[in-house]
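Here's the letter readout for the chains.
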Amino acid sequence: MKIYLSCIFSLIFPLIVSCKMSVKIKRIVEATGLSEGPHWDERSQMLFYVDIYANKIYRYNPENSKVTWAYIAHGPVGSVVPVEDKPNTFVAGCSKDIILVTWDGENNCTDTPIRKLATALKHSQGTRFNDGKVDPMGRFWTGTYTERGQELFLPNEGELYSLDSNKILTTRVKSVSISNGLAWSLDNKILYYIDSPTQKIAEYDYDLQTGSIDNKRIAFDLVENNLPGIPDGMTIDSDGNLWIALFEGAQVIQINPRTRKLLRSIKLPAKRVTSVVFGGTSLDILYVTTAGYGFSIQNEQTPTDDIQGGSIYEIKGTGARGVAANLYKINK
Ligand SMILES: *[C@@H]1O[C@H](CO)[C@@H](O)[C@H](O)[C@H]1NC(C)=O
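Quantities reported herein were computed from a predicted structural model and do not represent experimental measurements.

### What about the layout of surface pockets?
In step 1: By volume, the largest pocket amounts to about 470 Å³.
In step 2: Looking at the lining of the largest pocket, the elements with two or more residues in it are β2 (35-41), β6 (77-82), β10 (127-134), β14 (179-184), β18 (230-236) and β22 (273-279).
In step 3: The element best represented in the lining of the largest pocket is β14, accounting for five residues.
In step 4: Along the lines of polarity and charge, the residues of the lining of the largest pocket split into 19 nonpolar, 11 polar and two charged.

### Re the site of the ligand
In step 1: Around the ligand sit Val67, Trp69, Glu106 and Asn108, and those are all the residues in its vicinity.
In step 2: Trp69 has a polar side-chain atom sitting 3.0 Å from an oxygen atom of the ligand.
In step 3: Between the ligand and Asn108, the relevant distance is 2.3 Å, taken from an oxygen atom to a side-chain nitrogen or oxygen of the residue.
In step 4: Surface burial for the ligand is 38%, taken as the share of its 360 Å² of free accessible area covered by protein chains.

### Let's talk about the sheet that holds strand β17 (residues 213-221)
In step 1: The four strands are arranged β14-β15-β16-β17 in an open sheet whose pairing can be described as antiparallel. Each edge of the sheet is formed by a strand with only one pairing partner; in this case those strands are β14 and β17. The sheet shows a mean angle of 25° between the axes of neighbouring strands, taken without regard to direction.
In step 2: Bridge analysis of strand β15 (residues 190-195) against strand β16 (residues 200-206) gives six bridges, and the strand direction is antiparallel. Counterpart to Tyr193 in the pairing with β16 is Ala202.

### Looking at the sheet that holds strand β8 (residues 97-102)
In step 1: Read across the sheet, four strands follow the order β6-β7-β8-β9 without closing on themselves; strand pairing throughout is antiparallel. Only two strands of the sheet have a single neighbouring strand rather than two, namely β6 and β9 (114-119). Put simply, the sheet's adjacent strands are angled 25° from each other on average, direction ignored.
In step 2: Here five bridges tie β6 to strand β7 (residues 89-94), and the two strands are oriented antiparallel to one another. Bridging from a neighbouring strand, Val77 pairs with Cys94 of β7.

The rules behind these values
- Numbering of residues starts from 1 in each chain and follows the order in which that chain's sequence is written.
- Selection of residues for local features in this predicted model requires a pLDDT of at least 70, selection of side-chain atom pairs for listing and counting requires 80 or more, and totals for whole chains, interfaces and linings are taken over all residues.
- Each side-chain value is worked out from all heavy atoms of the structure, with water and hydrogens disregarded.
- Residues are called lining when one of their atoms sits within 4 Å of a cavity or pocket point, these points coming from a 1 Å grid over the protein atoms alone, where a cavity is a set in which a 1.4 Å probe fits but cannot get out and a pocket is an open set with protein on both sides within 12 Å along at least five of seven lines.
- Grid points are joined across faces, edges and corners, and a volume is the space filled by probe spheres set on the points.
- A run of H or I in DSSP becomes a helix once it reaches four residues, and a run of E becomes a strand once it reaches two; helices and strands are each numbered from the N terminus.
- Each residue is assigned to one of three groups, with Ala, Val, Leu, Ile, Met, Phe, Trp, Tyr, Cys and Pro labelled nonpolar, Asp, Glu, Lys and Arg labelled charged, and all others, Gly among them, labelled polar.
- When we say a residue is near a molecule or strand, we mean one of its heavy atoms is within 4 Å of it.
- Under the rule applied, a polar contact is a pair of N or O atoms within 3.5 Å (in protein, one hydrogen donor and one hydrogen acceptor; residues adjacent in sequence only if both atoms are side-chain atoms).
- Only the protein chains shown count as cover for residues, and all accessible areas are computed by the Shrake-Rupley method using a 1.4 Å probe.
- Strand pairing requires that DSSP identify at least two bridges connecting the strands.
- To get an axis, a line is fitted to the C-alpha atoms, and for a helix only the part in contact is used. The angle between two axes follows their N-to-C directions and goes from 0 to 180 degrees.

Quick look at the structure:
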């Protein structure tokens, strides 16, 4: 009623009151483990994501709420993106390698066929690929971090890479602690990038043709904005604003990277929010992945303080829309 009245009011006094609809949050998939790397597939209208330490790629069908998975024996999976013009084929960061996965998405698969495309140029015991995304030219960008013993990460032991259509791997950022969220500005001139422990969102000038990046600056600082947790996955909306998952922060934030301002925060019932992507027929549903247990293989346990951790959520009514995700282009 309150919302209704304020909407009527805003029709009469549009400059005084803005008609802000309240958002609807729904848990669509019950908790699993460490859900991450959501990708909305425009062609099939399906949501793909990974459960990192379960070594699984998942497909969620919003039509019937059915979930299917493919088990990857090769190791933990950090992200997954379909390959352009190759049905049932995906690129994924898996353990210290980038692999091609073959899966029909219809059936649960325990012996999923894979092919190795590349290996992290810098790696040691405990190095694995984490979040990944495809740039506007079809290159697959994904970065690493290294966990060892009881250490969640070894500082500055990770790197960010891009893999081109000829399977050439190029180092883009060195000395990364936990490589995470990636997004490109709508004009393809800026790369936004998150190295989680910095608690900042960085931006670089991005050259579309060569993929080279430089002139790093800070687009947003969680600490300066009194925000809890660390930034994890991110996506961009059709207004060029960034949506960022706050791990240990129990929320998703929307920021304007041009003005460096926080636009809004949406609280979630899970603490460890890992990533976000827009999906649905109109790209206006925000899908959110979260983590329960499974932060390191050595230290796997279920936090008792976060019973919804690991679930997938949908958020409707943000008024924002996403942009279609790029697919990996590969020759041959
Ligand atoms: C796949 O496995 C899930 C449990 O993870 C189950 O709910 C679903 O029915 C299975 N689907 C198929 C097609 O076997």
